[in-house]
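Fold and contact review
What follows is each chain in one-letter form.
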Amino acid sequence: EAQVTQNPRYLITVTGKKLTVTCSQNMNHEYMSWYRQDPGLGLRQIYYSMNVEVTDKGDVPEGYKVSRKEKRNFPLILESPSPNQTSLYFCASSSSGQMETQYFGPGTRLLVL
Amino acid sequence: DQQVKQNSPSLSVQEGRISILNCDYTNSMFDYFLWYKKYPAEGPTFLISISSIKDKNEDGRFTVFLNKSAKHLSLHIVPSQPGDSAVYFCAASSHGSGNTGKLIFGQGTTLQVKP
């Protein structure tokens with residue numbers, strides 16, 4: 001089954017404790033992206049990657065890091081989480097020919113205390 | 001500054017009737033528009049899209065209309081079914097030079113279809 005998986009689905013942590021949210025896709029997609037969804041703001045892009053070892057900032061990259069060492073994986077790293085990073089996070093992937101038609105993971109709900 | 005706006009947070013319609021969801025945008029560089037549907041505890045799923053060279057695109061019960069002069073698009077669902085109850089996000093992108101696949105999303109509209 002073609003899918004994008006994220007782990008964990010739910011996470012409660014404390015300010016400053018480094019965490020990683022994993023994202024994996026099995027569709028051989030070149031393009032991957034991370035979004036956060038906040039009430040009244042829709043989804044906003046954090047980082048994106050157009051292929052292995054090619055990453056770039058989206059609209060709200062502050063406080064986040066990403067890496068793309070393999071085509072299928074695109075982890076999101078919060079080196080020192082803060083309460084304003086409490087949000088619902090989505091990973092997405094798409095083929096390079098149709099980058100806008102993105103397949104989304106189920107989401108990771110993060111609470112930073 | 002919100003470049004894509006969905007001014008109606010919610011909409012309720014009766015099963016079998018038409019649902020019309022609206023979206024406005026401000027950036028004239030946007031040339032590709034999409035609608036995504038999201039159920040609770042799931043990620044958004046692609047529903048339908050339209051290029052700026054068209055003013056209408058139809059896929060089964062779903063039709064998207066684009067009015068470029070008004071910078072407005074709408075999604076029509078006919079007939080509406082209870083399974084259509086979800087949050088609908090409008091999104092826009094620019095296919096211009098340096099296309100990065102970046103999507104700008106609206107705030108979302110929650111559609112409830114009553115049996």
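Described below are features of the structure shown in this document. No experiment lies behind these values; they were computed from the predicted model shown. (Residues numbered from 1 in each chain as written. Chains lettered and ligands numbered in written order. Predicted model: local features only at pLDDT ≥ 70, side-chain atom pairs only at ≥ 80, totals over all residues. Heavy atoms only, no water.)

**Some points on the sheet that holds strand S3 (residues 19–25) of chain B**
All names here are of chain B. Taking strand neighbours across the sheet as the criterion, the five strands line up as S1-S3-S8-S7-S6 in an open arrangement whose pairing is antiparallel. At either margin of the open sheet sits one strand with a lone partner, and together these are strand S1 (4–5) and strand S6 (56–59). Examined bridge by bridge, S6 and strand S7 (residues 62–67) share four bridges and lie antiparallel to one another. From the neighbouring strand, Lys56 faces S7, where its bridge partner is Phe65. (Pairing = 2+ DSSP bridges. Helix = DSSP H or I, 4+ residues; strand = E, 2+ residues; numbered from the N terminus.)

**Side note on the state of the cysteines**
Residues and elements named next belong to chain A. Overall, the coordinates contain two disulfides over all chains when judged by the stated rule. Across the disulfide from Cys23 sits Cys91; the S-S distance is 1.8 Å. Across the disulfide from Cys23 to Cys91, rotation about the S-S bond amounts to roughly -70 degrees, and the bridge is consequently left-handed. One end of the pair, Cys23, is in strand S3 (residues 19–25); the other, Cys91, is in strand S9 (residues 87–94), with 68 residues separating them in the sequence. In this structure, Cys23 and Cys91 share a single accessibility class: buried. (Disulfide = S-S within 2.5 Å. Buried < 20%, exposed > 50% of the residue type's maximum accessible area, 1.4 Å probe, protein only.)

**Details of the interface of chain A and chain B**
Opposite the 21 residues of chain A that make contact, chain B presents 22 residues. Interface of chain A and chain B: buried area, both sides summed, is about 1700 Å²; carbon and sulfur atoms make up 55% of it. For the chain A face of the interface with chain B, the top three residues by lost area are Leu43(A), Glu100(A) and Phe104(A), together amounting to 35%. There are one salt bridge connecting chain A and chain B. On the surface where chain A and chain B come into contact, there are five residue pairs in polar contact (both at pLDDT 80 or more). For the side of chain A that touches chain B, the elements supplying multiple residues, two or more each, are strand S4 (31–38), strand S5 (42–51) and S9 of chain A. Element by element, the count of residues in the side of chain A that touches chain B is highest for S5(A), at five residues. (Contact = heavy atoms within 4.5 Å. Buried area = accessible area lost by both parts, 1.4 Å probe. Salt bridge = Lys/Arg side-chain N within 4 Å of Asp/Glu carboxyl O. Polar contact = N/O pair within 3.5 Å; in protein donor to acceptor, adjacent residues only side chain to side chain.)

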